[in-house]
Amino acid sequence: MSEFPTRPVAQLVGSNGPIHALTYSSPPSTYILTGSSDRSIRLYNPTSTTPSPLPASPPTGRLIQTYTGAHTYEVLSLSVSSLNDRFASSGGDRTVFLWDVTTALPLRRLGSASTAHSHTGRVNAVLFSGHDDSLVISGGHDTTVRIWDVKSNSNKPVQVLSDAKDAITSLAVPKNGNPEVITGSVDGRVRSYDIRMGRCTTDVIGTPVTSLSLSKDGKTVLVGGLDSKMRLFDRRDGTCLKTYEHPGWKNTELRVQSCLGGKERYVVAGDELTSEAAGVTGTTSQEEGKIWAWDLLTGKLVATVPVPWGGDASNKKVTIGRDGKEKARKNVVSCIAWKEGGFGNQFCVGGTSGVVNVYGEL
C-alpha cells in the first residue's frame, strides 16, 4: 500500500497573483486548469516539463493556453466538462462564463448584464451537472444557487435556490447521476436538494462552511468549516462519522479548501498559516505553506508537506501593511485538487504565492 505522496514533481508558473481555483481535467486527468487574481485562466500539462533555472526546484510544467478577456475581477472557481471540450468559470465580477477549450474564447456568459437574472455578488463556486453536462450550477455571495441550462439560448436560470441566509461558499453534485445539488454556506448549513422531488434537507454544522467534498458513491460528504475542523458526515441520517483536526492546524478566517484523496484514503487540506501553526514538523519556514493529510478511517494526521513559494519569490514574500511598513507575507495554501483517473497518485495546490505545486507521480 503506497504512502501519502510527498514528492514535488512540477511547478506551474505564470500567474501574476494568488491562485484561487484549481481543477484537473476530467479523466484521465492529464491537464491542470488554474484561476488567478490576475483575472486569467491557464491550462498546463504538468508531465511535459523543463528544468527549473532555480537550484533545488522541481521542473516547470508546460503552459498550453491562457484564457483572458472575460473576467474583470479574480477567478474564483472552475469546472471542466466530462468530455474535456468545455469548462465553466466564475469570479468576483458576479459572472459565470462557459468556455471552449480549443479556441480559448468564451462561448457565452450565463445570465445577463441585468441583475434580475444574474448573481448580484461574487460567484464563489461553479459546477457542471446533468446528463451530458447540460447544466451549470453556480453559488455566490448573494446567498443564491442558480441552475443554468447551457443547451438553451435563454439568459435566465432554469431554477434559483434561495434558502441560504448567507453566502454560498461551495457546491457538490453526486457522480452517480442522481439529480441532487449539495451546498455549503456561511450560515453554517449544508443543504441537499433533490431537484426531481423538490425536497431540501438541511444539516446544521454550527460554523461557517468553507469546503465540500463528496465521496464517489455519494453517501458521505467531507465538510470544512471555520472552527479548525473538518467533519465526515453520513448523508443518509446526518451522523458525523469522524472529525479531523490538529493543534497546529488552524482555519478560522479564510476559505481553505479540503478534499478526499488517494482513492478516498486521505483527508487533505491547505493551510491558513497562522502563527500558532509555526514549528510543526514538516515545515522549514513559517512563511512557507503546508499541506495536511489525515487518515480517513482513523482520523490520525499522517503527513504535513511543506509548500515552497516557488519561482522568483523575492518580490512576493514582502507586502506593505496598513502602517506603510514592509511585512513578511505568508504562503497561504487555499486551494487543492486531487487527480482522479489516469496514471499516478497526484495532487496539486495553489495559494498566495501564485505558483501551483504538483506532488506525487508523473
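Residues numbered from 1 in each chain as written. Predicted model: local features only at pLDDT ≥ 70, side-chain atom pairs only at ≥ 80, totals over all residues. Heavy atoms only, no water.

Under an unreviewed UniProt entry, the protein chain has the name Mitogen-activated protein kinase organizer 1 and belongs to Podospora comata. Entered under Sequence similarities (unreviewed entry) in the UniProt record, the comment concerning the protein chain runs "Belongs to the WD repeat MORG1 family." Reading the Subcellular location (unreviewed entry) entry of the UniProt record for the protein chain gives the comment "Cytoplasm". (UniProt positions renumbered as here; feature names shortened; annotations may be inferred.)

### Section: the layout of surface pockets
Reported here for the second largest pocket is a volume of approximately 410 Å³. Taken together, 23 residues line the second largest pocket, and the ones lying closest to its centre are His20, Arg122, Leu254, Arg255 and Ser334. Within the lining of the second largest pocket, the residues separate by chemical class into ten nonpolar, nine polar and four charged. (1 Å grid on protein atoms, 1.4 Å probe; cavity = no way out; pocket = protein on both sides within 12 Å on 5 of 7 lines; lining within 4 Å. Points joined across faces, edges and corners; volume = space filled by probe spheres on them. Nonpolar A, V, L, I, M, F, W, Y, C, P; charged D, E, K, R; others polar.)

### Section: the sheet that holds strand β15 (residues 180-185)
The four strands lie next to each other as β14-β15-β16-β17, forming an open sheet whose pairing is antiparallel. The sheet is open, and its two edges are formed by β14 (168-172) and β17 (199-204), each paired on a single side. Neighbour to neighbour, the strand axes of the sheet diverge by 20° on average, direction disregarded. Here strand β16 (residues 189-194) pairs with β17 via six bridges, running antiparallel. Paired with Arg191 across the two strands is Thr202, which belongs to β17. (Pairing = 2+ DSSP bridges. Helix = DSSP H or I, 4+ residues; strand = E, 2+ residues; numbered from the N terminus. Axes fitted to C-alpha atoms, helices over the stretch in contact; angles between N-to-C directions.)

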